[in-house]
Amino acid sequence: MSLVQLEDVSVAHGRNTVLSHVNFRIDRGEIVTVVGPNGSGKSTFLRAIIGAVRPARGRVSRAKGLRIGYVPQKLPLDPTLPITVGRFLSLPTRVAPEAAKSALAEAEVPDLAGRQMSDLSGGQFQRVLLARALLAQPDLLLLDEATQGLDQPGSARFYRQIEALRQERGCAVLMVSHELHVVMSASDRVICLNGHVCCEGQPEHVASAPEYRALFGTGTQGALALYRHDHDHDHDHAHDHAHDHAQGHHDHADPAPAAQAQEAAR
Amino acid sequence: MTLLDDFMVRAALAGLGVALAAAPLGSFVVWRRMAYFGDATAHAGILGVALALAMSVPIFAGALVLALAMALGATALAGRGFAMDTMLGVLAHSALAFGLVAVSFLPSVRIDLMGYLFGDILAVSKTDLAVIWIGAGLVLALLAWRWSALLTATLGEDLAYSCGINPARERLVLTLALALVVAVAIKVVGVLLIAAMLVIPPATARVFSSTPEGMVLRAGVCGAVAAVGGLRLAFLLDTPAGPTIVCLAAVLFLVAYLIRGVLPARA
């Protein structure tokens, strides 16, 4: 059975319906990306999956004993709470120091265990959050705008790493992102959300769907192609390509959708 | 039990019991920015005292019930879109005012009012001591049991949900612990200064701590030093014990921040 299944789920905040009639499932080993403009209910969608919001109607079912590794969009730390990276990794279940060390190495931030969480840079913080999520041995990894605060090459590398993790661990990955071009190329399936599921399918299919274009314009399709092309190459060249691609994005897009996409990227 | 016949020993043990229970709970109060919430809960205690005296039930029970009612009520209202600090301001001070007015209807206890507002640690009986230590033990056991879940929920509610922890349940645990501490601390520092015993030692401990557990341990030490030292000072200077304990805690806080200002910043 699927790891998580949403059947005809609607969620309301007060009188506002945030999600309506959403059907969704994710299976073991899949990478699924949810894209959508601001206020399209992406975060609510993730919160429904972890059980933080109760749907007004419909049903959310999770596989028995499902382990979720959740990487939140941000984690505001109160300055009065002292906590080292090592201690943070042991929440809520205590892990052995060696396990913490290897998780940090896997997230490409070794040797941070003794540092205060509040002293980390934005990129380091995201990777520590990823390390913590990995320590749960998740069946499903949830990433909510996980590359906020990373620059373009940094986030491209981050997503490539997510792909590698799926290969090694076989866990499913569900991510929410504004960075359409980078994210979509790594996905098996893309869901375009705008209060409801506008369209879904393989990245190429979604990128050319009229519903998607109505939301994001046509500019990103070219970027997608560029990034696809990048994929055939050696990883050492990733930086240059990511850079090219960022420029391509600007060149391709006609002004209005580009502004919207950039707005969304914030 | 001859040692317990000495009122100073009983007072010191009472202060220690409250300081130990207040350390972990106070740390959460600080981390979750619940200082005002603690105030409101404590102030409701005086109304509980008045009702307990009127109905001839134990003061501890009256204070516990009212503190719990206040904490639960405030939590419920907070979920309905009221501005938390305004609402707590209304609740805290009206509970205090109604409590004071209610006490004035009981002619026989008018004289004891100061004892409930600022504590009467030197008058702690063996029974009081037993209540304080059982209450403190319950709070410590409750927080130790839920420690990891509480800490996760404090870091982020969604993070907690993703780990299968219900943050609302953990909030309830803290609410319950807070009401217990209020009820046992009335005799020691009184309703007006309970929030000080919750907030000041952890705030002092923050300076020298790098983990949550380290902060709780140091807060316990600060609280214990303030309780025992404050008691001693009150005896020497002939000052009211509860306020003196809080004064010493405040001085420790000041010293800690001065020391940090002198020490080179940690890397």
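All values reported here derive from a predicted model rather than from experimental measurement. (Residues numbered from 1 in each chain as written. Chains lettered and ligands numbered in written order. Predicted model: local features only at pLDDT ≥ 70, side-chain atom pairs only at ≥ 80, totals over all residues. Heavy atoms only, no water.)

A. Here's a closer look at the overall build of chain A. Across its full length, chain A carries eleven helices and nine strands. Sequence separation of 24 or more characterises 68% of the internal contacts of chain A that already satisfy a separation of 6 or more. Put simply, chain A shows about 11,600 Å² of open surface, and 48% of that area lies on carbon and sulfur atoms. (Helix = DSSP H or I, 4+ residues; strand = E, 2+ residues; numbered from the N terminus. Contact = heavy atoms within 4.5 Å. Areas by Shrake-Rupley, 256 points an atom, 1.4 Å probe, with all protein chains shown as cover.)

B. Inspection of the UniProt feature "transmembrane region" (unreviewed entry) in chain B at higher detail. Mapped onto this numbering, the UniProt entry gives "transmembrane region" (unreviewed entry) at residues 12-31, 43-70, 90-109, 129-147, 176-203, 215-235 and 241-259 of chain B. The span residues 176-203 of chain B shows a helical share of 86% and a strand share of 0%, and its end C-alpha atoms are spaced 22 Å apart. (UniProt positions renumbered as here; feature names shortened; annotations may be inferred.)

C. Looking closely at the sheet that holds strand S3 (residues 31-35) of chain A. Residue and element names in this part refer to chain A. Ordered in space as S5-S6-S7-S3-S8-S9, the six strands form an open sheet in which the pairing is mixed. Each edge of the open sheet is held by one strand with a lone partner, namely strand S5 (68-71) and strand S9 (197-201). Neighbouring strand axes in the sheet, compared pairwise and without regard to direction, differ in orientation by 15 degrees on average. Most of the contacts of helix H1 (residues 42-50) go to strand S6 (residues 140-144), to which it runs at about 150 degrees, and overall it touches S3, S5, S6, strand S7 (172-176) and strand S8 (189-193). Strand contacts of helix H5 (residues 152-169): S3, S6 and S7, with the helix running at about 170 degrees to S6, the strand carrying the most contacts. (Pairing = 2+ DSSP bridges. Axes fitted to C-alpha atoms, helices over the stretch in contact; angles between N-to-C directions.)

D. Representation of a nonpolar patch on the surface in the model. Residue and element names in this part refer to chain B. The grouping of Phe7, Leu122, Leu233, Phe235, Leu236 and Leu237 at the surface amounts to a nonpolar patch, some 570 Å² of accessible area in total. In terms of residue count, helix H10 (residues 212-237) provides more of the nonpolar patch than any other element does, four residues in total. Here Leu122 shows up in the loop between helix H5 (113-118) and helix H6 (126-155). Residue Leu122 is classed as partly exposed on the basis of its relative accessible area, which comes to 38%. (Patch = residues over 30% accessible without salt bridge, like charges linked within 9 Å, V, L, I, M, F, W, Y side chains within 5 Å. Salt bridge = Lys/Arg side-chain N within 4 Å of Asp/Glu carboxyl O. Buried < 20%, exposed > 50% of the residue type's maximum accessible area, 1.4 Å probe, protein only.)

E. Just the confidence of the model for chain B, in detail. Counting all residues, the mean pLDDT for chain B is 89, and 96% of those residues have values of 70 or more. By mean pLDDT, the top-scoring element of chain B is H10 of chain B (96), and the lowest-scoring one is H5 of chain B (83). (pLDDT = per-residue confidence, 0-100.)

F. Fine view of the interface of chain B and chain A. With 23 residues of chain B in contact, the opposing surface of chain A contributes 26 residues. Together chain B and chain A conceal approximately 2,100 Å² of surface at their shared face, both sides included; 59% is due to carbon and sulfur atoms. Looking only at chain B, the three residues that lose the most surface to chain A are Leu155, Asp158 and Leu159 of chain B, adding up to 29% of its buried area. Inspection of the chain B/chain A interface yields three salt bridges. Ionic pairing is found between Asp158 of chain B and Arg47 of chain A, a salt bridge with its closest N-O pair at 2.9 Å. (Buried area = accessible area lost by both parts, 1.4 Å probe.)

G. Quick peek at the confidence of the model for chain A. Residue and element names in this part refer to chain A. Taken as a whole, chain A shows an average pLDDT of 78; of its residues, 78% reach a score of 70 or greater. Ranking the helices and strands of chain A by mean pLDDT puts helix H2 (residues 85-89) first, with 93, and helix H10 (residues 238-252) last, with 40. Here residues 221-266 is a poorly scored stretch, pLDDT under 50, and it has 54 contacts once near neighbours within four places are set aside; other chains count.

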